[in-house]
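Chain and residue survey
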Amino acid sequence: VRVRPLRKGEVLKRGMTVLVAMSIRTIYLHKISALAKDRVQISNNRGRINGWTSRANIHGVAEI
């Protein structure tokens with residue numbers, strides 16, 4: 001998997017696979033399952049929702 005930095009002003013879309021830092025020790029490579037203003041909901045491939053986070057916590061986009 002190749003991950004590139006999130007570009008400034010890049011539009012996030014449902015279904016994108018992103019690198020998310022939920023905390024210092026918790027980093028996910030998950031899909032965006034929903035969007036609401038400056039928040040994104042992330043989930044895994046099995047449909048489990050991991051929760052909501054700020055767009056500021058998205059650090060990269062997977063290039064598949």
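Description of the structure in this document. (Residues numbered from 1 in each chain as written. Predicted model: local features only at pLDDT ≥ 70, side-chain atom pairs only at ≥ 80, totals over all residues. Heavy atoms only, no water.)

1. Describing the overall build of the protein
Which entries qualify depends on this criterion: Per the convention used, a helix needs a DSSP run of H or I reaching at least four residues, while a strand needs a run of E reaching at least two, with both numbered from the N terminus. Our radius of gyration looks at C-alpha atoms and nothing else; its globule reference is 2.2 Å times the residue count to the power 0.38. Partly exposed describes any residue whose relative accessible area lies between the buried limit of under 20% and the exposed limit of over 50%, with all areas from a 1.4 Å probe on protein chains only and scaled to the type maximum. Residue contacts are defined here by distance: any two heavy atoms, one from each residue, within 4.5 Å place the two residues in contact. Here the accessible surface of atoms and residues is derived via Shrake-Rupley with a 1.4 Å probe, and residues count as covered only by protein chains that are part of the display.
On a plain count of helices and strands, the protein comes out with 0 helices and 6 strands. Listing every helix and strand of the protein by position from the N terminus yields β-β-β-β-β-β. Against the compact-globule benchmark of 11 Å for 64 residues, the protein has a radius of gyration of 11 Å, which places it among compact chains. Dimensions of the protein, computed from the C-alpha atoms along their principal axes, are close to 25 × 25 × 25 Å. Taking all 64 residues of the protein together, the buried fraction comes to 34%. Looking at the protein alone, contacts between residues at least 24 apart form 39% of all its contacts between residues at least 6 apart. About 4,700 Å² of surface is accessible on the protein, with carbon and sulfur atoms providing 50% of the total.

2. Some words on a nonpolar patch on the surface
Using the following cut-off: Surface patches are defined over residues having more than 30% relative accessible area and no salt bridge, joining like charges when they lie within 9 Å and nonpolar side chains (Val, Leu, Ile, Met, Phe, Trp, Tyr) when within 5 Å. Salt bridges are counted wherever a side-chain nitrogen of Lys or Arg sits within 4 Å of a carboxyl oxygen of Asp or Glu.
On the surface, Val1, Val3 and Leu29 cluster together to form a nonpolar patch covering roughly 280 Å² of accessible area. Relative to the helices and strands, Val1 resides in the segment before strand S1 (2-5).

3. Section: the nonpolar core
Rule in force here: By convention a nonpolar core is built from buried Ala, Val, Leu, Ile, Met, Phe, Trp, Tyr and Cys residues, the set being connected through side-chain atoms within 4.5 Å.
Counting residues in each nonpolar core, the largest one holds 9 residues, listed as Leu12, Met16, Val18, Val20, Ile32, Val40, Ile42, Ile58 and Val61. Secondary structure elements with two or more residues in this core: strand S2 (17-21), strand S4 (39-43) and strand S6 (58-63). Setting aside its immediate chain neighbours within four residues, Ile42 contacts Val20, Met22, Tyr28, His30, Lys31, Ser33, Ile49, Asn50 and Gly51.

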